[in-house]
Amino acid sequence: MDTKKHSKMAWLWENMKGYRVIYAIGILGTIVYNVMQLTVPYFTQQIVDLFLTGEDAATNIVTKRDLFFQLVIAMVGFTFLRTLIVYLVCMDVEHVSQKVLYRVRTHLFDKIERQDMQFYNTYRTGDLMTRVTGDLDAVRHMIAWVIRSIVESFSLLVATAAYFIYMDWRLALAILAIAPFIMIVIVLFRNQVAPRHKELREKLSLLNTAAQENISGNRVVKAFAREEYEINKFDKCSIEFSKTNKKTALTWITFFPYIETFANLMPIVLLVVGGLFIINGQLTMGEYVAFSGLIWAVQNPMRMLGNIMNEFQRFSAASDKVMEIYYSEPKIVDKEDAVDMPNRFAGKVEFKNVSFQYEDGNLPVLHNISFVANPGETVAIMGETGCGKTSMIQLIPRFYEPTEGEVLVDGVNVCDMKLGQLRKNIGLATQDVLLYSDTIDGNIAYGDSSLTKEEVEKFAKYSAAAKFITRMPEGYDTIVGERGVGLSGGQKQRISLARALAVKPAILILDDTTSAVDMETEKQIQHSLKELDFPCTKLIIAQRISTTKFADKILIIQDGRITESGTHDELVAKKGYYYNLVQLQTGETMEGGEA
Ligand code: GTP
Ligand code: MG
């Protein structure tokens, strides 16, 4: 994720493709309407010199009456025209900025969607949200306002300076001699304000993260009655943000008086030097009026530059964040020579000496794992919490890649397959169930939206969910809240199972999917898993012997290693970990029976 090699402005230009010409027209328009500012003082100067203060003023007003009216009409006409151009330019740049915003936002979302698991381990949701909202808006603001303001200030400044020089170069130089001092102040200001904007951006991200985590995790907050604590924590983030905001604003306040002082020196220079020139007859009254009527056109751009610099630094900090995602590439992607597999896999899964370590972890979590699950077989995976079961099954859909060894599906290394093809053949019910805010029907048919109502109901039956769904107020059309709020843990698990089954996968992976359902319901589920109307290899992570008992093969994982493997009977006979587990889980009832 190297953003260094891409310059921000080049990146912006790249994203303006298709709108560059109309943007350039807008910028040209900006120059035109700023140069047009000079027409008013030009006409004023003419009127003053010809009809007010000139030697022949009294006769001119009689003999050149038409010229007088022409000048007045031209002055008014130009003012209207200028207003029209300003309006069109604003519409134009706003239009382009919205188009670019849309384009970059779509691209960013696309990038985020296609990222691998490691990316989501690294970035916080609140931070990513900040990037696609606030940061992107700073980028839009750059196109719609900052660039236009820079052009506006410079064109006005340059045009006025040129006009001043044309009227009287000595007076012009005397006034403009102040400009470099203002420039120095602005450069000093930039150096101070740039880090402030970076800090401000970080604080905003922290604030958003705190808000997002608290809203989505509010049930936990309530359960522990930690509202006060969380409110205080959020308050701290909020105060930090507000303080940094204030500091940023104060930076400007420290520099502003210097700029203001220098800018205000300009009319004084005009008064003193200009006054002397008039006395000496080197300057006409009309010229003096033109100078004094335009002095703002030199002062204002100077004052504006501070503000522009501020906004530019905001853009700079924000675009760093946006570009980081914009140019990020997932590490897990299709290889160029990826194998083209048949649409439906047979479903053989094989691990060959697989070891694995998370990129952000410091110890391997899987060591030398080898096993085979033949098409149609059921393989149960057991082991104490944290032993590596979830990590292991995540290697099959290639959420992560093994550090050593190979994971093969139908004899082909998953790293050589097309991700889309591989994942379409896998039905996965994850340990942490996440449902979308959608109808139950929509959630079950998530992997295949062409599913008919009857099919959805069939899969709900398979996962023993049909009964409770029909009892809900609107049955399959009941909308479940964000993350499945409104359903019990076991209900959520069963919908998640139905969703995994609904893609009719060649390989079904269940990660502790029946942990929250009662024994009776679990029995029903097991029964239907045996009777599925499509061929399917099943890898089932479970804690209960009742779930694993009938598997073709049981794998016991301890500390990332397979320590036992075989059928229920074989493992019981071995009198190892599994045997102890059987004792533990059935022993109590046996003792109960004896008593
Ligand atoms: P249970 O689901 O609790 O039964 O455990 P499990 O067997 O599924 O364990 P899992 O595979 O989730 O974790 C195995 C080890 O990997 C644990 O020590 C975790 O702390 C570690 N681990 C899991 N996910 C990550 C991750 O994203 N990054 C890092 N660095 N470590 C992880
Ligand atoms: Mg797990």
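Keep in mind that what you see is a predicted model, and the values were worked out from it rather than measured.

(A) Molecular detail of the sheet that holds strand β1 (residues 349-356). In spatial order, the strands read β2-β1-β4-β5; together these four strands make up an open sheet with antiparallel pairing. Strand pairing shows two members of the sheet lacking a second neighbour, β2 (366-373) and β5 (412-413), which therefore form its edges. In this sheet, β5 lies alongside strand β4 (residues 404-409) in antiparallel orientation, the contact comprising two bridges. Residue L408 lies in a different strand from β5, and its bridge partner there is N413.

(B) Broad picture of the packing of aromatic side chains. Under the defined criterion, the tally for this structure stands at 21 aromatic pairs. Between F164 and F291 the ring centres are 4.4 Å apart and the planes differ by 35 degrees, which places this aromatic pair in the tilted class. Of this pair, F164 sits in helix α7 (residues 125-176) while F291 is found in helix α11 (residues 285-326), placing the two residues 127 residues apart along the sequence. Its relative accessible area of 0% is what places F164 among the buried residues. Ring geometry for F459 versus Y462: centroids 5.8 Å apart, planes at 65 degrees, classification edge-to-face.

(C) The arrangement of the sheet that holds strand β9 (residues 507-511) in detail. Taken together, the six strands give an open sheet; going across it, the order is β6-β9-β10-β3-β11-β12, and neighbouring strands pair in mixed fashion. The strands lining the two open edges of the sheet, one partner per strand, are β6 (426-429) and β12 (561-566). Across the sheet, the mean angle from the axis of one strand to that of its neighbour is 15 degrees, orientation sign disregarded. By the bridge criterion, four bridges tie β6 to β9 in an arrangement that is parallel. Each bridged residue has a counterpart across the sheet, and for G427 the counterpart in β9 is L508. Packing of helix α17 (residues 489-501) onto the sheet brings it into contact with β6 and β9, and relative to β6 it is tilted by some 175 degrees.

(D) Molecular detail of the domain arrangement of the protein chain. In terms of domain boundaries, the protein chain breaks down into domain 1 (3-326), domain 2 (341-425 + 508-517 + 534-588) and domain 3 (431-504). Here domain 1 and domain 3 have C-alpha centroids that lie 53 Å from each other.

(E) Structural detail: the site of ligand 1. Within the structure, ligand 1 sits among 14 residues, and T385, K389, T390, S391 and Q431 are positioned closest to it. At a separation of 3.3 Å, an oxygen atom of ligand 1 approaches a polar backbone atom of C387. In isolation ligand 1 offers 650 Å² of accessible surface; the protein chains occlude 67% of this area. Take the shell around ligand 1: its biggest share by element is three residues, from helix α12 (residues 389-393). For the shell around ligand 1, the class distribution of residues is three nonpolar, nine polar and two charged.

(F) Examining the coordination of the magnesium ion (ligand 2) more closely. Around the magnesium ion (ligand 2), the protein supplies T390 (OG1) and Q431 (OE1) as donor atoms, at distances of 1.8 to 2.2 Å. With a gap of 41 residues between them, T390 in helix α12 and Q431 in the loop between β6 and β7 (438-439) connect regions that are remote in the sequence.

(G) A look at a nonpolar patch on the surface. On the surface, F78, L81, L84, Y87, L88 and M91 cluster together into a nonpolar patch covering about 590 Å² of accessible area. By the element assignment, L84 lies in helix α5 (residues 65-113). L84 gets classed as partly exposed once you look at its relative accessible area, which sits at 47%.

(H) Geometry of unusual backbone geometry. In this structure, A225 takes a positive phi of about 50 degrees despite not being glycine. Relative to the elements of secondary structure, A225 occurs in the loop between α9 (218-223) and α10 (227-279). Located in the positive-phi region is K504, a residue other than glycine, with phi close to 45 degrees. Counting through the fold element by element, K504 comes out in the loop between α17 and β9. Classification of K504 by relative accessible area gives partly exposed; the value is 26%.

(I) Structural view of the confidence of the model for the protein chain. The pLDDT averaged across the protein chain works out to 90; a share of 97% of its residues lies at or above 70. The low-confidence segment residues 588-595 (pLDDT under 50) makes one contact with residues lying over four places distant or belonging to another chain.

Calculation notes
Residues numbered from 1 in each chain as written. Chains lettered and ligands numbered in written order. Predicted model: local features only at pLDDT ≥ 70, side-chain atom pairs only at ≥ 80, totals over all residues. Heavy atoms only, no water. Pairing = 2+ DSSP bridges. Helix = DSSP H or I, 4+ residues; strand = E, 2+ residues; numbered from the N terminus. Phe/Tyr/Trp six-rings, centres within 6.5 Å; stacked < 30°, edge-to-face > 60°. Buried < 20%, exposed > 50% of the residue type's maximum accessible area, 1.4 Å probe, protein only. Axes fitted to C-alpha atoms, helices over the stretch in contact; angles between N-to-C directions. Contact = heavy atoms within 4.5 Å. Domains from an automatic or database assignment. Near = heavy atom within 4 Å. Polar contact = N/O pair within 3.5 Å; in protein donor to acceptor, adjacent residues only side chain to side chain. Areas by Shrake-Rupley, 256 points an atom, 1.4 Å probe, with all protein chains shown as cover. Nonpolar A, V, L, I, M, F, W, Y, C, P; charged D, E, K, R; others polar. Donors = N, O, S within 2.8 Å, 3.2 Å for Na, K, Ca; no water. Patch = residues over 30% accessible without salt bridge, like charges linked within 9 Å, V, L, I, M, F, W, Y side chains within 5 Å. Salt bridge = Lys/Arg side-chain N within 4 Å of Asp/Glu carboxyl O. pLDDT = per-residue confidence, 0-100.

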